[in-house]
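The chain contents come next:
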Amino acid sequence: MNKIDQAIQFQNVSFRRGELSILKNISGSIYKGKITTLVGPSGAGKTTLLKLCNGLISPTHGDLFIDQQSVLAYEPTTLRRNIGIVLQNAPILRGTVFDNLALPLKLQKKSLTKEEAISILDTVGLDESFLERDATELSGGQKQKLTISRTLINRSKILLLDEITSALDPVSVHEIEQLIKKINKKYDVTIIWITHNIQQAMELGDYIWVMMNGELVESGDISILSKTKNKQVQNFIQGNV
Amino acid sequence: MTYTTLSLTLIFVLIPLILSKTLHLSLEKDTIIATIRSIIQLLIVGYVLKFVFDSDSFIYIFFMITLMIVAATLNARQKGRAIKGITWKIALTLIVVEVVTQGILLGLQIVPATAQYIIPISGMLIGNSMVLSILFLNRFTAEVESNKDSIELVLSLGGTPQQAIHTQLKNAIRASLIPTIESQKTIGLVQLPGVMSGQIIGGADPVVAVQFQILIIFALLTTASISSILIGMLSYPTLFNERMQFIKNATHK
Ligand SMILES: Nc1ncnc2c1ncn2[C@@H]1O[C@H](COP(=O)(O)OP(=O)(O)O)[C@@H](O)[C@H]1O
Ligand SMILES: [Mg+2]
């Protein structure tokens, strides 16, 4: 692939907290318009990697580039609106579904129209009747759809999703998986999504990154999982499938 | 009151000592230490104040107020040790409170510009400001600790640090101000406030005493709101860095 197709490029990225080395020398590219699945055991550094992409934290070594430009060159709020993130356990704010959806625009001193709100809810599979519902009373699956639609309000070209299916029932998991594909196709959004479930990773995604102990141990298309020579990765796959 | 009659008040110390001894509360040592400390500290203050009042020199007044601000700062900063530069932030808050309130009181000639007025009023206002700073810092660090996810959410959606911390800042300011406002609603009904009691015992006309008390409680409203808001505005930026990133462990050491 050539440079133009790269949405995000990591160049020897490391992240340390004090003595603790959380990410170690990560290099690689995320391709435009594709879905990349980030898998790995808990504590591997997956969340940390996503937070680097939208500037919630900065690399302590190396650099990463969004559209060929270093993240450090972006104004933080612009970067965060361009690279949408749904954080692991993102809180639902007190108020209605509409209040939650309006938050990203309120931060820019703009207001959300009812039509926009309805249209974004429709995308995630919630109907108009949800608008005035108390957001804190929704079911787990509905809440997750709301957190996704709230991030979608910023109309980012890159979307980062952190374990958004982990706490859900099988039906909701399936709905969210379909939603990820739909957003990717419909809006041509580049998506990186995290799961610790290998099965899910193999079913959904054009590319896969496997992380362990802060290192990127495998990356490529889905077939790398069956071809891997890495003992740790083989164990991880067997433990999961 | 003579020192002989004053020494009779030691009966009030004996009673808790005897109670503590008989009921094995083991509070005797602390009670004795507290008694000795209060005698020494208050006597020193009394003689220092007498000296300052007699000299009526602005140098001494200035020195006394500086001393109060230093003592109050050292006391309040314990609660905000994790916040960078908290010492000078509290000191600045107390200085602003003192300058604004005395500026109004003396500038509009509400009270005479003598040590007899300036020092006790400053003491009350600085003391209140110190308590407010402690209340604010306690509440603010607790609010931030328990709402890290919401703060990060706002940042992640493209909000500024100020927008991200807005709710926590507002809650902490409100929570620290409420006791001051609430206590004024019942003032005089249960307990006569200190200033009034003191003046009445000292022989002042109760109505004059009330007038002074009103002056003090109004001034306390100003000191309370300036203190919480100023210390809040000075503190919250230290929770973020120049890349608008939330420094997670900024509120605990
Ligand atoms: N702010 C932080 N301070 C200290 N340690 C952290 C911090 N953030 C993450 N870590 C540690 O870094 C490691 C990777 O965390 P994370 O990226 O959340 O992993 P994952 O999302 O893969 O489970 C974990 O061991 C975690 O405890
Ligand atoms: Mg994680």
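Remember, predicted model here, so these are calculated numbers, not experimental data.

### Some words on the coordination of the magnesium ion (ligand 2)
(1) Moving on: Coordination of the magnesium ion (ligand 2) by the protein is provided by Thr47 of chain A (OG1) and Gln88 of chain A (OE1), with metal-donor distances spanning 2.0 to 2.5 Å. Placement of the pair is Thr47 of chain A in helix α1 (residues 46-53) and Gln88 of chain A in the loop between β6 (83-86) and α3 (97-106), with a sequence separation of 41 residues.

### Some words on helix α2 (residues 11-22) of chain B
(1) Moving on: If you check α2 of chain B, its first and last C-alpha atoms are 16 Å apart, about what 12 residues at 1.5 Å a residue would give, namely 16 Å.
(2) Moving on: Looking one or two places after α2 of chain B, you find His24 of chain B, whose phi comes out positive at around 55°.

### Here we look at the domain arrangement of chain B
Residues and elements named next belong to chain B.
(1) Moving on: According to the domain assignment, chain B contains domain 1 (1-55) and domain 2 (64-239).
(2) Moving on: The C-alpha centroid of domain 2 is placed 29 Å from the C-alpha centroid of domain 1.
(3) Moving on: Taking both partners together, domain 1 and domain 2 bury about 330 Å²; carbon and sulfur atoms supply 97% of that area.
(4) Moving on: For domain 1, the biggest contributors to the area lost against domain 2 are Leu49, Val52 and Phe53; these three give 86% of the whole.
(5) Moving on: There are 0 salt bridges connecting domain 1 and domain 2.
(6) Moving on: In this assembly, domain 1 and domain 2 are joined by 0 residue pairs in polar contact (both at pLDDT 80 or more).
(7) Moving on: Among the residues making up the side of domain 1 that touches domain 2, the classes are represented as 4 nonpolar, no polar and no charged.

### Comments concerning the nonpolar core
(1) Moving on: Ranked by size, the top nonpolar core spans 73 residues in total, and within it Ile8 and Phe10 of chain A together with Phe140 and Phe240 of chain B carry the most contacts.
(2) Moving on: With 11 residues, the top contributor of residues to this core is helix α6 (residues 115-146) of chain B.
(3) Moving on: Those residues in contact with Phe10 of chain A that sit more than four places away from it in its chain are Ile26, Ser27, Gly28, Ile30, Leu49, Cys53, Asp63, Leu64 and Trp209 of chain A.
(4) Moving on: Grouped together as the second largest cluster of nonpolar side chains are 34 residues, Leu146, Ile148, Val173 and Leu179 of chain A included.

### Here we look at the interface of chain B and chain A
(1) Moving on: On the chain A side, the residues contacting the 16 residues of chain B number 28 residues.
(2) Moving on: Considering only the side of chain B, the residues that lose the most area to chain A are Leu153, Leu157 and Arg243 of chain B, jointly responsible for 37% of the buried surface there.
(3) Moving on: In this assembly, chain B and chain A are joined by 1 salt bridge.
(4) Moving on: Lys51 of chain A is paired through a salt bridge with Glu152 of chain B; the nearest N and O atoms lie 3.2 Å apart.
(5) Moving on: Here chain B and chain A share 13 residue pairs in polar contact (both at pLDDT 80 or more) between them.
(6) Moving on: Looking at the side of chain B that touches chain A element by element, the count peaks at 7 residues for helix α7 (residues 148-156) of chain B.
(7) Moving on: For the side of chain B that touches chain A, the residue count by class is 5 nonpolar, 7 polar and 4 charged.

Conventions and cut-offs
- The written sequence of each chain sets the order in which its residues are numbered from 1.
- Ligands are numbered from 1 and chains lettered from A, in the order in which they are written.
- Reporting in this predicted model follows two pLDDT cut-offs: at least 70 for local features of residues, and 80 or more for side-chain atom pairs to be given and counted; totals over whole chains, interfaces and linings ignore these cut-offs and use all residues.
- Excluding hydrogens and water, the side-chain figures rest on all heavy atoms present in the structure.
- Coordinating N, O and S atoms are those within 2.8 Å of the metal (3.2 Å for Na, K and Ca), and as water is not part of the atoms, a site may appear to have fewer donors than expected.
- Counting from the N terminus, the helices are DSSP H or I runs at least four residues long and the strands are E runs at least two residues long.
- One fewer than the residue count of a helix, multiplied by 1.5 Å, yields its expected span.
- Residue ranges assigned to each domain were obtained from an automatic or database domain assignment.
- What counts as buried area is the accessible surface, traced by a 1.4 Å probe, that two parts surrender upon association, with contributions from both included.
- Between Lys or Arg on one side and Asp or Glu on the other, a salt bridge is scored when a side-chain nitrogen of the former is within 4 Å of a carboxyl oxygen of the latter.
- For this analysis, a polar contact is any N or O atom pair within 3.5 Å, provided that within protein one partner can donate a hydrogen and the other can accept it, and provided that sequence-adjacent residues contribute only side-chain to side-chain pairs.
- Classification convention: Asp, Glu, Lys, Arg as charged; Ala, Val, Leu, Ile, Met, Phe, Trp, Tyr, Cys, Pro as nonpolar; all other residues, Gly among them, as polar.
- In this text, buried Ala, Val, Leu, Ile, Met, Phe, Trp, Tyr and Cys residues form a nonpolar core when linked through side-chain atoms within 4.5 Å.
- Throughout this description, buried means an accessible area under 20% of the type-specific maximum (1.4 Å probe, protein chains only), exposed means over 50%, and partly exposed covers the range between.
- Residue contacts follow a heavy-atom distance rule, with two residues in contact if any of their heavy atoms lie within 4.5 Å.

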